[in-house]
Amino acid sequence: MRLTTSAAVAAILMSAGLGLAACNSGTEPADRPAADSRVESADVHPFMIGTLEAWALRDGGLEVPNDGSVLAMGEPKADVDTLLTSAGVPTDPLSLSIQPMLVKTGDRVVLFDAGAGSAFGPAGGKLTASLATAGVSPEQITDILISHGHGDHVGGLVKADGTLAYPNATIRMTAEEWAALQANGEMAGLVAAITPKVETFADGAEVLPGVTAVPVDGHTPGHTAYEIVSGDQSLLYIGDTGHHQVISVQRPDWTIQFDGDPDTAEASRKALWERAADEDLRLYAVHFLWPGLGHVRRQGETFVWAPETAAQP
């Protein structure tokens, strides 16, 4: 199923500081998988996808103002405040997490997006430490699957000195996204560093065994989600289909500054939430409240985010 979706890294992100609000916008569903015995900390959350070991890894977070310039663009502040307050979420600022995902499948150690690295100053850069807490070194990463080329997803591919952060990893993204990244002059240094490691794929391809790209249009030219399947269980890593667990889910038609093609992205969000609710999909949202696992449920004429695990500060 082709979906249409969300984000253009904006200047406001470049100046945003670190901040992750401990807020909740839904209830925990009864089908939460049993916790495993692997290490858990404030920055590492282990979980399972069928028989596959997986981890949520905190890279950092962003705070953006609730002034109609970033999320819910052009909407009356009173309407946004009412929505957030009814969900038990602080009205200002708006907190967005940055939490790449790690999955071990067969002999592969797969990282989904690479975080911001040093691109946003103190807003990112925790990923390497989070990996270490999970018992994984950068050299062990075999594949990095990129949802799209914004700085908070690809900045962590290189170290502050411009060298590869994951020297043994193949970096995979859609052909359209790679072309867009190469055309971005601000990313020239990163592009030069990662070019020998990049392999592209077509929309909807099986990128790795059990991992299929799911096109989600509108955010960037080649933005993609990834569906990971193990036995009769699956998880959909949604990339930047949504940014905020209340605004993006309950009001998918509200414009977000980061979307390159807002109309298409808004249609994408709604299409994905409809599919997720109808098929009871388990989702991983890189920018939602830590650790980003949950489901989208129908609520009247719209939707609500139901986190799988209670929030941690």
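Parameters at a glance
- Residues numbered from 1 in each chain as written.
- Predicted model: local features only at pLDDT ≥ 70, side-chain atom pairs only at ≥ 80, totals over all residues.
- Heavy atoms only, no water.
- Buried < 20%, exposed > 50% of the residue type's maximum accessible area, 1.4 Å probe, protein only.
- Helix = DSSP H or I, 4+ residues; strand = E, 2+ residues; numbered from the N terminus.
- Pairing = 2+ DSSP bridges.
- Arc of directions from axis to C-beta.
- Expected span 1.5 Å × (residues − 1).
- Core = buried A, V, L, I, M, F, W, Y, C linked by side-chain atoms within 4.5 Å.
- Contact = heavy atoms within 4.5 Å.
- Salt bridge = Lys/Arg side-chain N within 4 Å of Asp/Glu carboxyl O.

Chemist: Please clarify how the pairing of strand E4 (residues 60–64) should be interpreted in this entry.
Modeler: Along any regular strand the residues' side chains alternate between the sheet's two faces. Taken across its five residues, E4 has four buried, putting it largely inside the fold. Relative to strand E5 (residues 94–98), E4 is paired through five bridges, and the arrangement is antiparallel. The residue bridging Gly60 from the neighbouring strand is Ile98, located in E5.

Chemist: What am I meant to see in helix H5 (residues 175–182) here?
Modeler: Counting along an α-helix, one turn takes 3.6 residues, and residues three or four places apart therefore face a common direction. Of all the residues in H5, the buried ones are Glu177, Trp178 and Leu181. Mapping the buried residues of H5 onto a view down its axis gives an arc of 100°, with all of them on the same face.

Chemist: So what exactly am I meant to see when it comes to helix H8 (residues 262–279) here?
Modeler: Between its first and last C-alpha, H8 extends 25 Å over 18 residues, near the 26 Å set by a 1.5 Å rise per residue. Within H8 the residues assigned to the buried category are Ala265, Glu266, Ser268, Arg269, Ala271, Leu272, Trp273, Arg275 and Ala276. Immediately downstream of H8, the backbone of Asp280 shows phi near 55°, a positive value.

Chemist: Any chance you could explain the nonpolar core here in plain terms?
Modeler: Of all hydrophobic cores here, the largest spans 30 residues; its most connected members are Leu57, Leu102, Ile141, Ile144, Tyr166 and Ile194. Here the element with the most residues in this core is helix H6 (residues 188–194); it accounts for four residues. Look past the residues within four positions of Tyr166 in its chain and what remains in contact with it is Leu111, Leu127, Thr128, Leu131, Pro138, Ile141, Ile144, Gly156 and Leu157. In this structure, Phe47, Ala56, Met101 and Phe112 belong to the second largest nonpolar core, which totals 23 residues.

Chemist: Mind showing me how you'd approach the pattern of salt bridges here?
Modeler: Side-chain pairing between opposite charges can occur once the charged atoms of the two side chains come close. One pass over the full model with this rule turns up 12 salt bridges. A salt bridge links Asp43 to Lys126; the nearest nitrogen and oxygen atoms lie 3.8 Å apart. A residue pair is termed long-range when its members are at least 10 positions apart, and Asp43 in the loop between helix H1 (11–14) and strand E2 (44–49) and Lys126 in the loop between strand E7 (108–112) and helix H3 (127–133) qualify at 83 residues. The exposure class of Asp43 is partly exposed, given its relative accessible area of 22%. Since its relative accessible area comes to 33%, Lys126 is described here as partly exposed. Note that Asp143 is salt-bridged to Arg172, the shortest N-O span being 2.9 Å. Remark: Arg172 occurs in strand E9 (residues 170–174) and Asp143 occurs in strand E8 (residues 143–145); sequence separation between them is 29 residues. With a relative accessible area of 0%, Asp143 lands in the buried category. Bridged by salt links that share partners, the residues Arg108, Asp143, Arg172 and Glu199 form one connected network.

Chemist: Whenever I open this one, unusual backbone geometry confuses me. Can you help?
Modeler: For residues that are not glycine, phi is negative in most cases, and the peptide bond is trans in most cases. Of note, the bond from Asp92 into Pro93 is cis; its omega dihedral lies within 30 degrees of zero at 0°. Its place among the elements puts Pro93 in the loop between helix H2 (77–86) and E5. Trp290 connects to Pro291 through a cis peptide bond whose omega is 0°. On the secondary structure map, Pro291 appears in the loop between strand E15 (283–284) and strand E16 (293–299). One non-glycine residue, Ala72, adopts positive backbone phi at about 55°. Among the secondary structure elements, Ala72 is positioned in the loop between E4 and H2.

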